[in-house]
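Summary of the model geometry
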Amino acid sequence: MTPEQLAAAGVTLDIAESLATVSLNRPEVRNAQTPAMWRALAEIGETLPPEVRVVVVRGNGHSFSAGLDRAMLTPGAAEGAESVADLLAKTDAEISEVIDEYQKGFTWLRDPSFISIAAVQGYAIGAGFQLALSCDLRVVSEDAQFSMKESALGLVPDLTGTKPLVESVGYSRALEICATARMVGSVEAVDIGLALTAVPAEGLDAAVADLVSALTAPMPGAVTEIKRLMQSAPSHDLDEQRRLEREAQARRFRELAPLMGVEPAER
């Protein structure tokens, strides 16, 4: 997509060397999300340059994202644009296929070739909460408020947020947060492992910049291997995870050997 096409979908992308900053840019509606925005995010993920090591996702204005644009739930209200309400006329299989396309706007942030950070200020509601959960790390302002509002609308979270929420806070707390649709403030978010840290709103950019600097200091290959190992750990027993650690370390030694003046052995 061109910058103009991204802008039309309510997204901007800025790439500076190894850092990519993705900004939701609909501040007049607290960065409410649309299918066009999800497709734009997916396009960014598919075309991200390989030299990018950190992706920061943020919202312009005073909120990260207030969630789905409610106009998208009203048939005909989107004035010719793709709407979530369009799903009502589809079969179950067709609905699943379309949502799968929407989810790609979120899943690319798990790619082990980079670390993703959500810089959350103000509201992160519904789809906004799930976008933040798609990122590896979350740094939040003290006024941040998370809520999985889908149940209040008679819906379920379907933009890949359920798995990382359970992994972050555990089954019981995740169920309670989703089923009640209540707000989770910044202090609680840090306490339950949903966020790394909470800082004053005016210090959010600086806190994220410090984290970016720390994450880009190690060699890229090491960080990629570490992310892969962390992602695989919950689903593997100890013996399987030990094997993956050994194999990852062998790859690291092979890459480091020439830098240390050592001829690597045959594979």
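Provided above is the structure to which this section pertains.
Given the structure is predicted, the values throughout are model-derived calculations rather than measurements.

Two elements in contact, helix 2 (residues 35-47) and helix 3 (residues 92-107), have axes whose closest approach is 6 Å; the angle formed by their N-to-C orientations is 55 degrees. Considering their axes alone, helix 2 and helix 3 lie oblique with respect to each other. When the axes of helix 2 and helix 3 are compared, the crossing they make is left-handed. Of helix 3, the residues touching helix 2 (which contributes Pro35, Trp38, Arg39, Leu41 and Ala42) are Val98, Glu101, Tyr102, Lys104, Gly105 and Phe106.

Summarising burial for strand 6 (residues 137-141): 4 of the 5 residues are buried, a large majority. As defined by bridge partners, strand 4 (residues 115-120) adjoins strand 6 across 4 bridges and the pair is classed as parallel. Residue Ile117 lies in a different strand from strand 6, and its bridge partner there is Leu137. Here strand 6 pairs with strand 9 (residues 197-199) via 3 bridges, running parallel. Paired with Ser141 across the bridge in strand 9 is Val199.

Turning our eyes to something else, we now look at the packing of aromatic side chains. If you walk through the whole model with that rule in mind, you get 4 aromatic pairs. With a centroid separation of 4.9 Å and 55 degrees between ring planes, the pair formed by Trp38 and Tyr102 is classed as tilted. Placement of the pair is Trp38 in helix 2 and Tyr102 in helix 3, with a sequence separation of 64 residues. Chaining the aromatic ring pairs together yields one cluster made of Trp38, Tyr102 and Phe106.

Conventions and cut-offs
Residues numbered from 1 in each chain as written. Predicted model: local features only at pLDDT ≥ 70, side-chain atom pairs only at ≥ 80, totals over all residues. Heavy atoms only, no water. Axes fitted to C-alpha atoms, helices over the stretch in contact; angles between N-to-C directions. Helix = DSSP H or I, 4+ residues; strand = E, 2+ residues; numbered from the N terminus. Parallel < 35°, antiparallel > 145°, perpendicular 65-115°, else oblique. Left-handed = near helix turned anticlockwise from the far one by under 90°. Contact = heavy atoms within 4.5 Å. Buried < 20%, exposed > 50% of the residue type's maximum accessible area, 1.4 Å probe, protein only. Pairing = 2+ DSSP bridges. Phe/Tyr/Trp six-rings, centres within 6.5 Å; stacked < 30°, edge-to-face > 60°.

Treat this as a map of the structure, not an account of what it does.
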